[in-house]
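Single-letter residue listing:
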Amino acid sequence: LSSSSPSFILLSMMSYGMEYPFGQLGSAVLAVDGCIKAVGQADVIRNQFSGATFERIIDCSGKCVLPGLVDAHTHPVWAGDRVHEFAMKLAGASYMEIHQAGGGIHFTVEHTQNATEEELFNTFKHRLERMRNAGSTLVECKSGYGLNLETELKMLRVIERAKQSMDIGISSTYCGAHSVPKGKTATEATDDIINNHLPKLKELKLSGEIHVNNIDVFCEKGVFDLESTRRILQAGKNIGLQLNFHGDELHPMKSAELGAELGARAVSHLEEVSDEGITAMARAKCAAVLLPTTAYMLRLKQPQARKMLDEGVIVALGSDFNPNAYCFSMPMVMHLACVNMKMSMNEALAAATINAAYVLGKSDTHGSIETGKQGDLVIINSSRWEHLIYQFGGHEALINYVIVKGQVVYENERCETMSSY
Ligand SMILES: N=CN[C@@H](CCC(=O)O)C(=O)O
Ligand SMILES: [Zn+2]
């Protein structure tokens, strides 16, 4: 340590879980390289760093420090909202009825194809800021409202630009198989993806222009069937992408079984998963990404979170932010998971941090407060961390600081006064 160079942020904090091993009062030290330099009992840390100069000291007495939240499933790049469809759904139209009539994803695709890259970036940036202010420090972001190669690449460039310039972590997902484009059959669309889209992604990765992390397919009756899904995912795996796809949402498709067979990192939705699918996912360590906003919004049956947890499936959570389910907030997602899916608050927090990091292949560096991991933290203005879940929609007044890579990226000055009401 050099006492002349202020290199650290020191957090004096309360524990965030009953299991916290250091007693009641702890401290964390974040280094300039963005990593957690030390975490532990406050007096031990004080002795260890007695000669150090800190760039900033945040007194967290009376507050809780939690790991930054990880959102494992979002569709945040698009133009054209669908508030009119929300009204149609409230009046009784189903998601698939709207989709088959040319609305839904098709509506968003048309608007996204017509939008400029700059327009898409500006709205995306704003959405990421709202996610970050709600505590998300690492977010999975999908393409999928382009469908044709040109617009899919436009979306992926927008995501890449945010990766380079925004103070929030991003894991990017190519989702060109989000819907079958108008004028094509599913087989034609599958061939186009395998023969044209994926080779282009490989080329752009090699040239360093776009680094995509994951590949996704909407495996659903009337969209991509199991065989097309298998072909696309296998081709994605062959170019080094992690498999992470939509399955068993509206109809049982045996998507979970396919995910386990192909070594997928995760399958999302799973409202209609089979018992065999749950067993296969547990065995293959293929995570379930549950999306409580979608089941709520579309009044679907709830995925069997309890059965998955009891059988040892790694359960993660995502906001599924998209024009159908317009929710940025992982604290609200955790609340819905607890109430509607019967998860405990501890399970919901693990699902929105370390397990979601696992889904993105980042649990070695993200998702918990441990020495050597990235310094991504959320500080709330309450001495009990459970308030972040309990106060439904209350996170705006509760979240005091969001820290990404050891830097304060959001500071909520109104927090102190507001949270006492
Ligand atoms: N189900 C497919 N994809 C999205 C919805 C996308 C949309 O309707 O625009 C989802 O995960 O909920
Ligand atoms: Zn989705």
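Residues numbered from 1 in each chain as written. Chains lettered and ligands numbered in written order. Predicted model: local features only at pLDDT ≥ 70, side-chain atom pairs only at ≥ 80, totals over all residues. Heavy atoms only, no water.

## What about the overall build of the protein chain?
Phase 1 of the analysis: When helices and strands are tallied, the protein chain shows 18 helices and 15 strands.
Phase 2 of the analysis: For the protein chain, whose C-alpha radius of gyration is 21 Å, the value lies close to the compact-globule estimate of 22 Å for 421 residues.
Phase 3 of the analysis: Taken along the three principal axes of its C-alpha coordinates, the protein chain extends 65 × 45 × 40 Å.
Phase 4 of the analysis: A burial count over the protein chain gives 58% of its 421 residues as buried.
Phase 5 of the analysis: A separation of at least 24 residues holds for 69% of the contacts in the protein chain among residues at least 6 apart in sequence.
Phase 6 of the analysis: Here the protein chain has roughly 16,800 Å² of accessible surface; of this, 50% comes from carbon and sulfur atoms. (Helix = DSSP H or I, 4+ residues; strand = E, 2+ residues; numbered from the N terminus. Rg over C-alpha atoms; globule rule 2.2 N^0.38 Å. Buried < 20%, exposed > 50% of the residue type's maximum accessible area, 1.4 Å probe, protein only. Contact = heavy atoms within 4.5 Å. Areas by Shrake-Rupley, 256 points an atom, 1.4 Å probe, with all protein chains shown as cover.)

## Notes on the domain arrangement of the protein chain
Phase 1 of the analysis: Once the domains are mapped, the protein chain shows domain 1 (8-66 + 369-418) and domain 2 (69-359).
Phase 2 of the analysis: Relative to domain 2, the C-alpha centre of domain 1 lies at a distance of 31 Å.
Phase 3 of the analysis: Tallying the contact residues gives 21 residues for domain 1 and 20 residues for domain 2.
Phase 4 of the analysis: Between domain 1 and domain 2, roughly 1,700 Å² of surface is buried when both sides are summed, and carbon and sulfur atoms account for 76% of that area.
Phase 5 of the analysis: At the boundary of domain 1 and domain 2, one finds zero salt bridges.
Phase 6 of the analysis: Our count for the contact surface shared by domain 1 and domain 2 stands at two residue pairs in polar contact (both at pLDDT 80 or more). (Domains from an automatic or database assignment. Buried area = accessible area lost by both parts, 1.4 Å probe. Salt bridge = Lys/Arg side-chain N within 4 Å of Asp/Glu carboxyl O. Polar contact = N/O pair within 3.5 Å; in protein donor to acceptor, adjacent residues only side chain to side chain.)

## Considering the site of ligand 1
Phase 1 of the analysis: Every one of the 16 residues lining ligand 1 counts as a neighbour, but Arg82, Tyr95, Tyr145, His269 and Asp320 are closest to it.
Phase 2 of the analysis: One of the side-chain N or O atoms of glutamate 249 is found 3.0 Å from a nitrogen atom in ligand 1.
Phase 3 of the analysis: Taking histidine 269, its side chain carries an N or O atom lying 2.8 Å from an oxygen atom of ligand 1.
Phase 4 of the analysis: Contact with the protein chains covers 100% of the free accessible surface of ligand 1, which is 330 Å².
Phase 5 of the analysis: Here the shell around ligand 1 is composed, by residue class, of five nonpolar, eight polar and three charged. (Near = heavy atom within 4 Å. Nonpolar A, V, L, I, M, F, W, Y, C, P; charged D, E, K, R; others polar.)

## Quick notes on the pairing of strand S10 (residues 266-269)
Phase 1 of the analysis: Here strand S9 (residues 242-247) pairs with S10 via four bridges, running parallel. Across the sheet, residue glycine 247 finds its bridge partner in S10, namely histidine 269.
Phase 2 of the analysis: Taking the sense of rotation as the criterion, the β-α-β connection linking S9, helix H9 (residues 255-262) and S10 turns out right-handed.
Phase 3 of the analysis: Of the strand pairs in this sheet, S10 and strand S11 (residues 287-290) are connected by three bridges, and their pairing is parallel. Paired with valine 267 across the bridge in S11 is alanine 288.
Phase 4 of the analysis: Each parallel crossover has a hand, and the one from S10 via helix H10 (residues 275-284) to S11 is right-handed. (Pairing = 2+ DSSP bridges. Right-handed = clockwise from strand over helix to strand, strands pointing away.)

## Let's talk about the nonpolar core
Phase 1 of the analysis: Counting residues in hydrophobic clusters, the biggest one holds 102 residues, and the most contacted among them are Phe124, Leu128, Met308, Leu317 and Met334.
Phase 2 of the analysis: Excluding residues within four positions of it along the chain, methionine 308 makes contact with Leu270, Val273, Ile278, Ala288, Leu290, Pro303, Val313 and Val315. (Core = buried A, V, L, I, M, F, W, Y, C linked by side-chain atoms within 4.5 Å.)

## Digging into the coordination of the zinc ion (ligand 2)
Phase 1 of the analysis: Protein coordination of the zinc ion (ligand 2) is provided by His73 (NE2), His75 (NE2) and His246 (NE2), with donor distances spanning 2.0 to 2.1 Å.
Phase 2 of the analysis: Seen from the zinc ion (ligand 2), its four donor atoms lie at angles of 96 to 125°, and the figure they make is tetrahedral.
Phase 3 of the analysis: Here the donor residues of the zinc ion (ligand 2) share one chain and are spaced in sequence as H-x1-H-x170-H.
Phase 4 of the analysis: Of the residues examined, histidine 73 reaches a relative accessible area of 0% and is grouped as buried. (Donors = N, O, S within 2.8 Å, 3.2 Å for Na, K, Ca; no water. Tetrahedral: all angles 85-135°; square planar, octahedral: opposite > 155°, others 65-115°.)

## What to know about the sheet that holds S10
Phase 1 of the analysis: Taken in spatial order, the eight strands make up an open sheet running S5-S6-S7-S8-S9-S10-S11-S12, and their pairing is parallel. Strands at the two margins of the open sheet, each flanked by one partner only, are strand S5 (69-71) and strand S12 (315-317). Neighbour-to-neighbour, the strand axes of the sheet open up by a mean angle of 25°, direction not taken into account.
Phase 2 of the analysis: Most of the contacts of helix H6 (residues 149-165) go to strand S7 (residues 169-177), to which it runs at about 175°, and overall it touches strand S6 (136-142) and S7. (Axes fitted to C-alpha atoms, helices over the stretch in contact; angles between N-to-C directions.)

## A word on the packing of helix H8 (residues 226-238) against H9
Phase 1 of the analysis: Relative to each other, H8 and H9 sit at 25°, their axes nearing to 11 Å. By the angle between their directions, the pair H8 and H9 is classed as roughly parallel. H8 and H9 meet at a crossing whose hand is right-handed. Here Leu226, Thr229, Arg230, Leu233, Gln234 and Lys237 of H8 lie close against H9, whose contacting residues are Ser255, Leu258, Glu261 and Leu262. (Parallel < 35°, antiparallel > 145°, perpendicular 65-115°, else oblique. Left-handed = near helix turned anticlockwise from the far one by under 90°.)

## Description of the side chain of histidine 178
Phase 1 of the analysis: The topology assignment puts histidine 178 in the loop between S7 and helix H7 (186-206).
Phase 2 of the analysis: Given a relative accessible area of 4%, histidine 178 falls into the buried group.
Phase 3 of the analysis: Not counting chain neighbours up to four residues away, the residues in contact with histidine 178 comprise His75, Ile105, Gly144, Tyr145, Leu147, Phe218, Val223 and Phe224.

## Notes on the pattern of salt bridges
Phase 1 of the analysis: Evaluated as defined, the whole model comprises 19 salt bridges.
Phase 2 of the analysis: The closest approach of N and O atoms between arginine 306 and aspartate 310, which form a salt bridge, is 3.8 Å. Within this pair, arginine 306 and its partner aspartate 310 are both found in helix H12 (residues 305-310), separated by four residues, close to a single helical turn.
Phase 3 of the analysis: A relative accessible area of 28% means that arginine 306 is categorised as partly exposed.
Phase 4 of the analysis: Since its relative accessible area comes to 61%, aspartate 310 is described here as exposed.

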